Amino acid sequence: MGYEAIITINCEYYSNRIIDVIMLLSKLNWSFYNSDGLVEYIPIGDNDECDWQREKISEADLKDIVDYKQDHNERVGLLFCYNGTEGGFTMTASSTKEIVLGLDYYRKTMPDNTTDFSWYFQNVIVLLRNNGCEIDYLTFDEYTD
């Protein structure tokens, strides 16, 4: 049985800029660089095809890409890793009102293979809140196929 798990958060009271949430996560041991120093992201002009790319990109260039995509109503997509490969998620968002964290990269699980949402709560939600990011609402969802 396969599992799909997501967390949806609203961070608009923290900032209306997606890049601000991204940079806060990067300060909290969540890296948008993989172990090879590459960034996995949805490029400009993707038109919701979700054709993820993996490239060497500077932080400044990533900021420009995220800002451009948000300013042009394109969906931002970025892969995050916690402490290397300890856990991860894909972030997608068009605004900070609805940021979706897809728990599909080294998903933390319980003994029965369901998602360990407590791990994500402690290592994402609590860290964000403790560092000034007011989260207006959040949902945890898990689906099986």
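Refer to the structure above for everything that follows.
Residues numbered from 1 in each chain as written. Predicted model: local features only at pLDDT ≥ 70, side-chain atom pairs only at ≥ 80, totals over all residues. Heavy atoms only, no water.

I keep staring at the overall build of the protein chain and nothing clicks. Help me out?
Counting secondary structure elements, the protein chain contains three helices and eight strands. Secondary structure elements in the protein chain, listed N-terminal to C-terminal, are β-α-β-β-β-α-β-β-β-α-β. Compactness check: the protein chain gives a C-alpha radius of gyration of 15 Å against a globular reference of 15 Å for 145 residues, within 12% of the reference. Expressed as lengths along the three principal axes of its C-alpha atoms, the size of the protein chain is roughly 40 × 30 × 25 Å. The buried share of the protein chain, reckoned over its 145 residues, is 43%. For the protein chain, the share of sequence-separated contacts (at least 6 apart) that also reach a separation of at least 24 residues comes to 61%. Carbon and sulfur atoms make up 43% of the accessible area of the protein chain, which amounts to about 7500 Å² in all. The distance from the centre of the 11 positive side-chain charges to the centre of the 26 negative ones in the protein chain is 5 Å. (Helix = DSSP H or I, 4+ residues; strand = E, 2+ residues; numbered from the N terminus. Rg over C-alpha atoms; globule rule 2.2 N^0.38 Å. Buried < 20%, exposed > 50% of the residue type's maximum accessible area, 1.4 Å probe, protein only. Contact = heavy atoms within 4.5 Å. Areas by Shrake-Rupley, 256 points an atom, 1.4 Å probe, with all protein chains shown as cover. Lys, Arg positive; Asp, Glu negative; His and termini not counted. Charge placed at Lys NZ, Arg CZ, Asp CG, Glu CD.)

Even after reading the chapter, I still don't get the pattern of salt bridges, so can you show me in this structure?
Pairing is possible between side chains of opposite charge, provided their charged atoms come close. Within the structure shown, the criterion is met by six salt bridges. A salt bridge links Arg17 to Asp71, with the shortest nitrogen-to-oxygen separation between them at 3.0 Å. Of this pair, Arg17 sits in the loop between strand 1 (3-10) and helix 1 (18-27) while Asp71 sits in helix 2 (residues 59-71), and the two are 54 residues apart along the sequence. Here Glu59 and Lys63 are joined by a salt bridge, their closest N and O atoms 3.7 Å apart. Here Lys63 and Glu59 lie together in helix 2, a separation of four residues that amounts to about one turn. The exposure class assigned to Glu59 is partly exposed, which follows from its relative accessible area of 34%. Given a relative accessible area of 32%, Lys63 falls into the partly exposed group. (Salt bridge = Lys/Arg side-chain N within 4 Å of Asp/Glu carboxyl O.)

Read these as geometric descriptors, not functional statements.
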